[in-house]
Amino acid sequence: MNQHKKKVLVTGADGFIGSHLSEALLGKGYSVRALSQYNSFNNWGWLEGISHPDLEVVTGDVRDPNLCREIVKGCDTVYHLAALIAIPYSYVAPDSYVDTNIKGTLNICQAARDCGVRRLVVTSTSEVYGTAISVPINESHPKQPQSPYSATKIGADAIAMSFYNAFGLPVVIARPFNTYGPRQSARAIIPTIISQIASGETRIKVGDLTPTRDFNYVLDTAAGFIALGEAEGVEGREINIATGTEVSMRHTLDLIAGIMGKDVEYVVDPARLRPAGSEVFRLCGDNTLITSLTDWRPRYGIEDGLRETVKWFTKPGNLAMYKAGIYNV
């Protein structure tokens, strides 16, 4: 490994966005320490397919403050993505979301402060805004905790900002809108549709098709993280990573079916519906701040991103990793 390369830490690197971010950082010449959640199988999630001389995989859990301090040591920049993210599961196990999302962020903030990192990028989510009161949603939009998941992310953001205000920790909150692409969990709307169609289903199980989302292709999201990790003058800011456009779930699914060349019908599965008052019906982000502070711009339109996603999911080896007939919250 080239010791002169800047070392960065990515927590949650074994996950969907984290694995793409790790690859993007390696491609830009960084040395990456990647945290994969410990398990007795020694499985590194989506990092399993990534081999690079400047990639160091460590296993552990952000709920352990001592572990956090050890993995942060020697790192110039920390990208904190480790979190529980499935909204449906947060209805079932909210305690675990508090432990991982809030306490885990606290542990990383304390470690980053103790170790004197140059920059800490903490991952938020557009879900903290809830259903849009005004569109496009800018960073001053009120926070509305419409699920236990979003509540814990609001709490985690507040913890991070308190460390900036109280201790001068050089933290920036990255707030990506709905990210999609290769490796995403089939719990999410786009992969669940693609995997069902690719498995030969013609009656596709879905939830509510009326909400709109601001969809970010995963490579654009990863580029946004890196831009916020490298830019000057972003500390103490909460910054959207968004395209500024919104697409309904129904239109998204019609696009997917068209790309895959299939005639399908959609069947509402009650298990996929959020509780009353919890559904976020409209998300469309304002990207003025990130585009004014960095050179980041979204590169993938929704159709281009969906084509790349379909291409990945329909490879037999990739599709085999998904249980298309089971709705996994």
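Below or above, wherever it landed, is the structure these notes cover. (Residues numbered from 1 in each chain as written. Predicted model: local features only at pLDDT ≥ 70, side-chain atom pairs only at ≥ 80, totals over all residues. Heavy atoms only, no water.)

Topic: the overall build of the protein
Part 1 of the reasoning: The number of helices and strands found in the protein is eleven helices and 13 strands.
Part 2 of the reasoning: In summary, the protein has a C-alpha radius of gyration of 19 Å against a globular reference of 20 Å for 329 residues, a match within 12%.
Part 3 of the reasoning: Expressed along its principal axes, the backbone C-alpha trace of the protein runs to roughly 55 × 45 × 40 Å.
Part 4 of the reasoning: For the protein, with 329 residues in total, the buried portion stands at 53%.
Part 5 of the reasoning: Contacts in the protein between residues far apart in sequence, at least 24 positions, make up 79% of those at least 6 positions apart.
Part 6 of the reasoning: When the accessible area of the protein is evaluated, it comes to approximately 13900 Å², of which 51% is carbon and sulfur surface.
Part 7 of the reasoning: Of the charged side chains in the protein, 32 are positive and 34 negative, and the gap between their average positions amounts to 2 Å. (Helix = DSSP H or I, 4+ residues; strand = E, 2+ residues; numbered from the N terminus. Rg over C-alpha atoms; globule rule 2.2 N^0.38 Å. Buried < 20%, exposed > 50% of the residue type's maximum accessible area, 1.4 Å probe, protein only. Contact = heavy atoms within 4.5 Å. Areas by Shrake-Rupley, 256 points an atom, 1.4 Å probe, with all protein chains shown as cover. Lys, Arg positive; Asp, Glu negative; His and termini not counted. Charge placed at Lys NZ, Arg CZ, Asp CG, Glu CD.)

What about the side chain of Ser36?
Part 1 of the reasoning: The topology assignment puts Ser36 in strand S2 (residues 31-37).
Part 2 of the reasoning: A distance of 3.3 Å separates the side chain of Ser36 from the side chain of Asp14, its partner in a polar contact. (Polar contact = N/O pair within 3.5 Å; in protein donor to acceptor, adjacent residues only side chain to side chain.)

Focus on the state of the cysteines
Part 1 of the reasoning: Tallying each qualifying case throughout the model produces zero disulfides.
Part 2 of the reasoning: The cysteine Cys115 is free of any disulfide, with Cys75 supplying the nearest cysteine sulfur at 8.4 Å. (Disulfide = S-S within 2.5 Å.)

Regarding the environment of Ala186
Part 1 of the reasoning: Its location among the elements puts Ala186 in the loop between strand S7 (178-180) and helix H6 (189-198).
Part 2 of the reasoning: Once the C-alpha coordinates of Ala186 and Met161 are considered, the two residues, 25 residues apart in sequence, prove to be 32 Å apart.
Part 3 of the reasoning: Setting aside chain neighbours within four positions, we find Ala186 in contact with Pro191, Thr192, Ser195 and Tyr322.

What to know about the pairing of strand S4 (residues 77-80)
Within a regular strand, the side chains alternate between the two sheet faces.
Part 1 of the reasoning: Of the two faces of S4, the one holding Thr77 and Tyr79 and the one holding Val78 and His80 are both buried throughout.
Part 2 of the reasoning: Relative to S4, strand S1 (residues 7-11) runs parallel, the two being bridged by four bridges. Bridge assignment links Val8 to a residue of S4, and that residue is Thr77.
Part 3 of the reasoning: The sheet contact formed by S4 and strand S5 (residues 119-123) spans four bridges and is parallel. Counted as the bridge partner of His80 is Val122 from S5. (Pairing = 2+ DSSP bridges.)

Things to note about helix H10 (residues 302-313)
Two residues of an α-helix separated by three or four positions point the same way, owing to the 3.6 residues in each turn.
Part 1 of the reasoning: Taking 1.5 Å of rise per residue, twelve residues should cover 16 Å, and H10 covers 16 Å from first to last C-alpha, within 8% of that figure.
Part 2 of the reasoning: Looking only at H10, the buried set comprises Gly305, Leu306, Thr309, Val310, Trp312 and Phe313. Seen from one end, H10 has its buried residues packed into an arc of 160°, which puts them on one side.
Part 3 of the reasoning: Buried-residue contacts for H10 involve S7, H6, strand S10 (215-217), helix H8 (249-260) and helix H11 (316-319). (Expected span 1.5 Å × (residues − 1). Arc of directions from axis to C-beta.)

A word on the packing of aromatic side chains
Part 1 of the reasoning: Within this structure, the stated rule accounts for eleven aromatic pairs.
Part 2 of the reasoning: Here the aromatic residues Trp46, Trp312, Phe313 and Tyr322 are joined through ring pairs into a cluster of three or more.
Part 3 of the reasoning: Lying across the ring of Phe167, Arg113 places its NZ or CZ 3.7 Å from the centre. (Phe/Tyr/Trp six-rings, centres within 6.5 Å; stacked < 30°, edge-to-face > 60°. Lys NZ or Arg CZ within 6 Å of the ring centre and 35° of its normal.)

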